[in-house]
Amino acid sequence: MSRLGRLGLQLEIGWIDVLIAGGLSALAIIEGSGSDSQQFSPAVLLCTGPLVVRRRWPIPVLLIALVGFSIAGNASNLAALVGGLIAAVSVGLDEDHPVLGTLAVLGVAAGIAFEFGQGSNTQLPISPFLAPFLLIGAAYLAGRVVADRQVQARLARERASQLEREHDVSIKAATEAERRRLARELHDVIAHSVGVMVVQAGAARHVLDEKPDAARESLEAVEASGHEAMAELRRLLGVLVENGETAPLSPEPGLDQIESMVARVKEAGLPVELRIDGESRPLPPGVEVAAYRILQEALTNALKYAGGAPTHALLRFSPDAIEVEVVDEGKIPAAAGIGRGLTGMRERVALFGGTIEAGPRGGGPGYAVRARLPLTAEG
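The model shown is predicted, which means the values in this text are computed figures rather than measured ones. (Residues numbered from 1 in each chain as written. Predicted model: local features only at pLDDT ≥ 70, side-chain atom pairs only at ≥ 80, totals over all residues. Heavy atoms only, no water.)

Draft legend 1. Representation of the pattern of salt bridges. Tallying each qualifying case throughout the model produces 8 salt bridges. For D17, the salt bridge identified is with R55, shortest N-O distance 2.7 Å. With a gap of 38 residues between them, D17 in helix α2 (residues 15-31) and R55 in the loop between α2 and α3 (58-72) connect regions that are remote in the sequence. For D17, a relative accessible area of 0% puts it in the buried group. Taking relative accessible area as the criterion, R55 reaches 44% and is therefore assigned partly exposed. Between R370 and E325 there is a salt bridge, and its shortest N-O distance comes to 3.3 Å. Pair noted here: R370 is in strand β5 (residues 367-374) and E325 is in strand β3 (residues 321-328), with a separation of 45 residues, a long-range link. Residue E325 is classed as partly exposed on the basis of its relative accessible area, which comes to 23%. Through salt bridges that share partners, D17, R54 and R55 make up one connected network. (Salt bridge = Lys/Arg side-chain N within 4 Å of Asp/Glu carboxyl O. Helix = DSSP H or I, 4+ residues; strand = E, 2+ residues; numbered from the N terminus. Buried < 20%, exposed > 50% of the residue type's maximum accessible area, 1.4 Å probe, protein only.)

Shown next as structure tokens:
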């Protein structure tokens with residue numbers, strides 16, 4: 001960038017400022033004489049030339065115009081008057097010094113009124129003394145109106161940008177929440193179904209030669225678990241279809257399917273007893289799915305790590321919450337294998353403001369998972 005260009009940026013000089021200052025200065029020279037046919041006075045250029053820096057120093061430019069009017073006197077012409085009014089508009093546009101700008105405008109108007117207010121050549125239907133206040137004041141107020149609109153437009157743009165940023169943040173948060181939800185669902189489906197299938201397949205392998213009927217039952221259980229896992233996966237992956245086609249979906253699991261899920265776990269080799277306390281009743285869909293998944297995950301971990309030890313599962317309905325409890329008597333610590341599963345359970349509970357405890361069972365060997373899901377929002 002040239003030195004002249006850098007100077008223009010530093011002084012906030014735009015091409016329109018150069019055009020206004022240069023055009024009015026040329027007009028002032030061409031017009032020549034003032035209102036009383038006075039010869040041209042170079043002082044009128046003080047009312048036009050400084051307009052080139054009106055953005056950078058609006059108040060000094062207006063004061064210089066006053067000096068020009070005072071020196072030129074009756075030699076002031078129309079170009080000088082227009083230059084003074086533009087200077088007043090520029091002061092009105094200045095957002096940094098509104099009070100000082102108002103005082104400067106009043107002072108300039110008063111100075112011109114005392115300087116020229118005794119004349120009688122005004123064509124306005126007011127006294128010559130009030131004419132400067134009317135003209136310069138109107139120009140200044142016009143600048144203030146434009147400045148206020150510019151401020152409002154800037155605030156509107158900033159607000160729009162802020163809303164756009166907030167929208168982007170909310171989209172990212174929603175995307176992350178959905179990703180985590182899908183991760184939880186996939187983990188629960190795969191961990192449970194594959195866990196049952198592995199145990200059943202192992203059992204079938206051990207009794208294949210001696211008890212083919214028992215092996216067949218185990219393999220049928222593997223097949224059933226595989227079909228259930230495929231249905232769940234189709235339901236979850238259906239949300240990822242991008243071409244708008246409807247994927248084959250199955251309903252979300254609910255508490256009405258708990259007994260069949262417990263039966264599959266029992267068939268896989270975990271001696272589990274299910275007890276339901278309280279009066280069963282319809283629950284909010286999200287809470288019902290969360291309770292099912294927590295029970296499923298806890299039983300899956302007991303199946304993997306409790307070594308076939310007796311396990312007790314409990315669903316307790318209370319007026320304001322549903323509680324899920326799974327306690328096994330195994331000697332193998334389950335904590336080593338439920339890192340991701342426990343994280344998923346905690347995330348599900350946190351969504352509804354509930355609580356969860358997971359750790360070694362008190363009073364003996366084994367592991368316990370106890371979760372409470374409130375049925376009303378807790379702040």
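Draft legend 2. Looking closely at the nonpolar core. Ranked by internal contacts, the top residues of the largest apolar core, which has 36 residues, are L255, L295, L299, I322 and L373. The set of elements that each furnish at least two residues to this core consists of α8 (258-267), α9 (285-305), β2 (311-318), β3, α10 (339-351) and β5. For this core, the element with the highest residue contribution is α9, accounting for 10 residues. Residues within four places of L373 in sequence aside, it is in contact with V287, A290, A291, I294, A321, I322, V349 and F352. Within the second largest apolar cluster, 30 residues are counted, among which are L24, L62, F69 and A87. (Core = buried A, V, L, I, M, F, W, Y, C linked by side-chain atoms within 4.5 Å. Contact = heavy atoms within 4.5 Å.)

Draft legend 3. Geometry of the packing of α8 against α9. Here α8 crosses α9 at 10 degrees, and the two axes come no closer than 11 Å. Here α9 runs roughly parallel to α8, going by the angle between their axes. For the pair α8 and α9, the contacting residues are I258, M261, V262, R264 and V265 in the first and Y292, L295, Q296, L299 and L303 in the second. Per-class residue counts for the contact of α8 with α9 are 8 nonpolar, 1 polar and 1 charged. (Axes fitted to C-alpha atoms, helices over the stretch in contact; angles between N-to-C directions. Parallel < 35°, antiparallel > 145°, perpendicular 65-115°, else oblique. Nonpolar A, V, L, I, M, F, W, Y, C, P; charged D, E, K, R; others polar.)

Draft legend 4. Representation of a nonpolar patch on the surface. On the surface, L78, L81, V82, L134 and L135 cluster together into a nonpolar patch covering about 390 Å² of accessible area. Residue assignment for the nonpolar patch shows that the elements contributing at least two residues are α4 (78-93) and α6 (131-207). Per element, the largest residue contribution to the nonpolar patch is 3 residues, and it comes from α4. When you line up the elements, L135 lands in helix α6. (Patch = residues over 30% accessible without salt bridge, like charges linked within 9 Å, V, L, I, M, F, W, Y side chains within 5 Å. Areas by Shrake-Rupley, 256 points an atom, 1.4 Å probe, with all protein chains shown as cover.)

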